[in-house]
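Chain residues, written in single-letter form:
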Amino acid sequence: MVNMTLSIPKELKDQMDQFPEINWSEVARIAIREKIVDLNILKEFTSKSELTEKDAIELGRKVNKALSRRYRRNA
């Protein structure tokens, strides 16, 4: 296994220290593994897409506007 060092804010470390029974290295490994799965799914999805980057940005803006309106109505 390869070692990796990462930096975290002191406040986060202080919170982690409140749970000494947790294997934080394992938590990080799982989170990284899950992120890679998500990225591979996204990569597979986008490789089959015929949308241009411009189309995707425009679609994203429309979705954001619609969600914003929905959340404002429900607030």
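Everything that follows concerns the structure shown earlier in this document.
What counts and what doesn't
- Residues numbered from 1 in each chain as written.
- Predicted model: local features only at pLDDT ≥ 70, side-chain atom pairs only at ≥ 80, totals over all residues.
- Heavy atoms only, no water.
- Helix = DSSP H or I, 4+ residues; strand = E, 2+ residues; numbered from the N terminus.
- Rg over C-alpha atoms; globule rule 2.2 N^0.38 Å.
- Buried < 20%, exposed > 50% of the residue type's maximum accessible area, 1.4 Å probe, protein only.
- Areas by Shrake-Rupley, 256 points an atom, 1.4 Å probe, with all protein chains shown as cover.
- Lys, Arg positive; Asp, Glu negative; His and termini not counted.
- Charge placed at Lys NZ, Arg CZ, Asp CG, Glu CD.
- Expected span 1.5 Å × (residues − 1).
- Polar contact = N/O pair within 3.5 Å; in protein donor to acceptor, adjacent residues only side chain to side chain.
- Patch = residues over 30% accessible without salt bridge, like charges linked within 9 Å, V, L, I, M, F, W, Y side chains within 5 Å.
- Salt bridge = Lys/Arg side-chain N within 4 Å of Asp/Glu carboxyl O.

A. Representation of the overall build of the chain in the model. Check the secondary structure of the chain and you find three helices and zero strands. Its helices and strands in sequence order give the chain the pattern α-α-α, from N to C terminus. Against the compact-globule benchmark of 11 Å for 75 residues, the chain has a radius of gyration of 19 Å, which places it well outside the compact range. By its C-alpha atoms, the chain is 45 × 40 × 20 Å across when sized along the principal axes. Scored against the burial criterion, the 75 residues of the chain give a buried share of 1%. Looking at the chain as shown, the accessible area adds up to about 7,500 Å², and 58% of this sits on carbon and sulfur atoms. Computed over 15 positive and 12 negative side-chain charges, the inter-centroid distance for the chain is 9 Å.

B. Region of interest: helix 2 (residues 24–47). Its 24 residues place the ends of helix 2 34 Å apart at the C-alpha level, agreeing with the 34 Å of an ideal helix rising 1.5 Å per residue. Between the side-chain oxygen at the start of helix 2 and the backbone nitrogen of Ser 25 there is a gap of 3.2 Å, and the oxygen is on Asn 23.

C. Spatial organisation of a positive patch on the surface. Together, Arg 61, Lys 62, Lys 65, Arg 69, Arg 70, Arg 72 and Arg 73 make up a positively charged patch on the protein surface. You can see Arg 70 is positioned in helix 3 (residues 53–74).

D. Molecular detail of the environment of Ile 32. With respect to the helices and strands, the residue Ile 32 is situated in helix 2. The exposure class of Ile 32 is partly exposed, given its relative accessible area of 42%. C-alpha of Ile 32 to C-alpha of Lys 10: the two residues are 22 residues apart in sequence and 21 Å apart in space.

E. Spatial organisation of the pattern of salt bridges. Summed over all chains, the structure comprises four salt bridges. With its nearest N and O atoms 3.0 Å apart, the salt bridge here joins Lys 10 to Asp 14. Pair noted here: Lys 10 and Asp 14 are both in helix 1 (residues 10–16), with a separation of four residues, about one helical turn. For Lys 13, the salt bridge goes to Asp 17, with nearest N and O atoms at 2.5 Å. According to the relative accessible area criterion, Asp 17 is partly exposed, its value standing at 42%.

F. Expanded view of a nonpolar patch on the surface. Where nonpolar side chains cluster on the molecular surface, the patch consists of Met 4, Leu 6, Ile 8, Leu 12, Ile 32 and Ile 36 and spans about 550 Å² of accessible area. With respect to the helices, strands and loops of the structure, Met 4 is situated in the segment before helix 1.

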